[in-house]
Amino acid sequence: MAIDLVSVLANAAVIVEGAILLDTVRFSSPAGGPPVFNEDTGLYETLEGDVLYEGPGAVQSGSLPESASAVVATQPWVNETTSKYKVFTPLTAPIAARDTIVTIIAVHQGGDQTLIGRQWRAMDPSQGGTLGVVRVTSLDQIQQAGGM
C-alpha cells in the first residue's frame, strides 16, 4: 500500500494550523526611526512600514535568552541579550525577510493578552523545506526602550 505523502502533509498542515495557529500576527517592513510609546499597551513600539502579512500565527520561545557577554574580556558587556523566539505561520504566508517586524495583533481566548503589541525582528528569512506543514521564522525580541 503506497502512502500519498502529499495528502498526508496537506492533512497534517490543516491539523497543525487548527491546533497552534490560534493568534493573529502581523509581518511588516521596518519604517525606521526611534521606538514610539503606545499608551494603550504601555510599550515602546518600533515603527512599522508596509504590512506584508496579517493572519493566523503563533509566537513561541525557542529557548532561554542568551546572557549578555563581552566580545573581548577587557571590554564592557553588551546591553541587550538575544531572545530566541520562533513564529509559526501557514505555508501560504509570505517568507519573512531578515529584519521584518513581527507584532502580535490578537491572542486566542485564554491566551496571554499582555502579548498584544509585543514585537520581534526576524533574524533570518523564514525557514523552508519540502516536507513542511507550517512556515517557521526565527525571531529576536525587540527590546523595550525607556527603561522598561
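Residues numbered from 1 in each chain as written. Predicted model: local features only at pLDDT ≥ 70, side-chain atom pairs only at ≥ 80, totals over all residues. Heavy atoms only, no water.

### Structural notes on the pairing of strand β6 (residues 101-106)
Piece 1. Both strand β1 (residues 23-30) and β6 contribute to a ladder of 5 bridges, which runs antiparallel. Each bridged residue has a counterpart across the sheet, and for threonine 24 the counterpart in β6 is alanine 106.
Piece 2. Judged from the 3 bridges that link them, β6 and strand β7 (residues 119-122) form a sheet pairing that is antiparallel. Note on β7: the bridge partner recorded for isoleucine 101 is arginine 121. (Pairing = 2+ DSSP bridges. Helix = DSSP H or I, 4+ residues; strand = E, 2+ residues; numbered from the N terminus.)

### Describing the environment of alanine 58
Piece 1. Along the chain, alanine 58 turns up in strand β4 (residues 48-61).
Piece 2. Alanine 58 sits 46 residues away from isoleucine 104 along the chain, and the two C-alpha atoms are 8.5 Å apart.
Piece 3. Sequence-distant contacts of alanine 58, defined by excluding residues within four places in its chain, comprise Ile20, Leu21, Val25, Lys86, Val87 and Phe88. (Contact = heavy atoms within 4.5 Å.)

### Focus: the pattern of salt bridges
Piece 1. For the coordinates displayed, the defined rule picks out 2 salt bridges.
Piece 2. Across the pair glutamate 48 and arginine 26 runs a salt bridge, and its minimum N-O distance is 3.1 Å. Taken together, the residues glutamate 48 in strand β4 and arginine 26 in strand β1 connect sequence positions 22 residues apart.
Piece 3. The shortest N-O distance in the salt bridge between glutamate 54 and arginine 26 comes to 2.8 Å. Taken together, the residues glutamate 54 in strand β4 and arginine 26 in strand β1 connect sequence positions 28 residues apart.
Piece 4. Ionic contacts of the salt-bridge type, sharing partners, join the residues Arg26, Glu48 and Glu54 into one network. (Salt bridge = Lys/Arg side-chain N within 4 Å of Asp/Glu carboxyl O.)

### Looking at the sheet that holds strand β8 (residues 135-141)
Piece 1. Strand order in the closed barrel formed by 6 strands is β1-β4-β5-β8-β7-β6, and the pairing between neighbours is antiparallel. Mean inter-strand twist for the sheet, computed between neighbouring axes without regard to direction, equals 45°. (Axes fitted to C-alpha atoms, helices over the stretch in contact; angles between N-to-C directions.)

### Some thoughts on the confidence of the model for the protein
Piece 1. Summarising the model, the protein shows a mean pLDDT of 81, and 80% of its residues fall at 70 or more.
Piece 2. Taken as a whole, residues 64-70 scores under 50 in pLDDT and shows 15 contacts with residues more than four places along the chain or in a different chain. (pLDDT = per-residue confidence, 0-100.)

### Considering the pairing of β4
Piece 1. Across 7 bridges, β1 lies against β4 in antiparallel orientation. The residue of β4 that forms the bridge with proline 30 is glutamate 48.
Piece 2. With 4 bridges connecting them, β4 and strand β5 (residues 84-89) associate as antiparallel partners. Its bridge partner lying in β5, glutamine 60 is registered against lysine 86.

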